[in-house]
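# Structural characterization, general
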Amino acid sequence: MSTIAAISTPVYQGGLAVIRMSGENALPIADSIFVGKTMPSEMAGYTCGYGKIVREGRTLDDVILTVFRAPHSYTGEDTVEISCHGGVYLAREVLKLIIEHGAEPAPAGEFTKRAFLSGKLSLTQAEGVLDIISANGERELVSARAMRDGNLSKNIHSVAEEMTRISGNLAAWSDYPDEDIPDADTSHLDSDLSNIINRLEHILNSYDKGKILRQGIDTAIVGRPNVGKSTLMNQLLGYKRSIVTENAGTTRDVIEESVRVGDFVLKLSDTAGIRNTTDPVECIGVDLATQRLENAELVLAVFDSSEEFTETDREILEKIKNKPHIVLLNKSDLPEKLDKEYFLDENILSVSANSGSGLEKLPEMIAELFKLGGSSDNAEIYINERQRSQVSKAVGFVKQALAEYRSGITLDAVTVYMDEALNALLELTGERATEAVVNNLFERFCVGK
């Protein structure tokens, strides 16, 4: 394969920039541009050398050059990494010099793609690398590390081995009916297939949780006028985004912003106060608020604890009862008049949107509401859309195999469905993935990784 090169650090001014080169000519190219005590081709793997990058006798920069020798490198090929000062122009000049000496610019994700093609990573482990790069919180990072370490691959391989054992027993009997082969033992087939379905569905269950962590939660802040919705919005954002006045009905449109709350990104919508009104403009705002409430994945329902419970409050509670929601009893810094008996079955948090008091408990309540346990090294792996699709296909085929068996259909049909399920899982890990699938995945990586 050709020798590739790219800047692997962000192309901005900084302390350091790293230029990575991989391929059979990586060491000869490094020899031609590096002047140091030891030539790169003479250096052992996992060693560094100090020297200068030189073009036509002129020093571009003094650098640290690191050598990784095949097959004990990230890509499985000879790899060289050059750490220079982090000037944008300088890093590009070093890369340009490397290309002038025979390397090719690396496409997006090419280094990790080569790691996959050389057997250093499975396809799911490669996706774990991408998840590590894009992780925005501790839970995402822990899950991504577990994916990169091969935890999902191991689980899938374990299921695939069980499916192969079952298919092998059935195939030996069905493919050679005239041979003196004992009838297939199907006494445990029902329970074996059911167990496989349960194991795969357990993996599927992590998808929605992972989607929440990766994409954020559509969150509507609702309540009647002047309960502190806009103040809450501003407090969560850390700056004034929504207009706050003492006049009811100030917020008439939907104001949208995203904010990180603990490990979660909330895509917030500050809505108009819900109430009966004859103002035509405010009516539109109330309708929009109701629509956002209905479409939200999470509702932060704000009530004024310094005032008595109202009929409008009752209507809001009725509207949110079938939605994931958290009740925020606002204005905890004022004398309490609201009877908490109305909220006995609710997830309640007493807060002061003005000072932020009590809001520190919000991430914990969100995690509990969406059944996202605390992060640990054994945390759940959150699968992505491609992985979900393949596991879902496998589950569907195994369910069909089980249905055929229970209906008394010939075992040949069971074998066919099991083979299809196995193909879906092997495409997931990359062992039978098409070139198009592989290329599509690695195009999502940044250049230099």
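Provided above is the structure to which this section pertains.
Residues numbered from 1 in each chain as written. Predicted model: local features only at pLDDT ≥ 70, side-chain atom pairs only at ≥ 80, totals over all residues. Heavy atoms only, no water.

Assigned secondary structure in the protein chain consists of 15 helices and 13 strands. Accessible area of the protein chain: about 22,000 Å², with a carbon and sulfur share of 48%. (Helix = DSSP H or I, 4+ residues; strand = E, 2+ residues; numbered from the N terminus. Areas by Shrake-Rupley, 256 points an atom, 1.4 Å probe, with all protein chains shown as cover.)

Within helix H5 (residues 138–148), the full set of buried residues consists of Arg-139, Glu-140, Val-142, Ser-143, Ala-144, Ala-146 and Met-147. Downstream of H5 by a residue or two, Gly-150 has a phi angle that is positive, lying close to 95 degrees. (Buried < 20%, exposed > 50% of the residue type's maximum accessible area, 1.4 Å probe, protein only.)

The next thing to look at is the nonpolar core. In this structure, Met-163, Leu-193, Ile-196, Leu-200, Val-391, Val-398 and Met-418 are the most contacted members of the largest nonpolar core, which totals 34 residues. Secondary structure elements with two or more residues in this core: H5, helix H6 (151–175), helix H7 (189–204), helix H13 (385–406) and helix H14 (411–429). Core analysis: the second largest hydrophobic core is formed by 31 residues, Ile-221, Val-302, Ile-326 and Ala-353 among them. (Core = buried A, V, L, I, M, F, W, Y, C linked by side-chain atoms within 4.5 Å.)

As a further point, take the side chain of Glu-140. Positionally, Glu-140 belongs in helix H5. Despite being buried, Glu-140 has no salt bridge partner; Arg-260 is the closest side chain of opposite charge, sitting 4.1 Å away. In this structure Glu-140 touches Ser-134, Ala-135, Leu-213, Arg-214 and Arg-260, once residues within four positions along its chain are discounted. (Lys, Arg positive; Asp, Glu negative; His and termini not counted. Salt bridge = Lys/Arg side-chain N within 4 Å of Asp/Glu carboxyl O. Contact = heavy atoms within 4.5 Å.)

Here we come to the side chain of Arg-386. Tracing the backbone shows Arg-386 in helix H13. Note on Arg-386: relative accessible area 18%, which makes it buried. Within the structure, Arg-386 has its side chain in polar contact with the backbone oxygen of Leu-428 (distance 2.8 Å). Dropping the residues within four chain positions of it, Arg-386 is found in contact with Leu-123, Thr-124, Glu-127, Glu-427, Leu-428, Val-437 and Leu-441. (Polar contact = N/O pair within 3.5 Å; in protein donor to acceptor, adjacent residues only side chain to side chain.)

To continue, consider the environment of Ala-296. Mapped onto the fold, Ala-296 is located in the loop between helix H10 (280–295) and strand E11 (298–304). Taking the relative accessible area as the measure of exposure, Ala-296 reaches 7% and is therefore buried. Once you skip the residues sitting within four places of it in the chain, Ala-296 turns out to touch Asp-218, Ala-220 and Lys-323.

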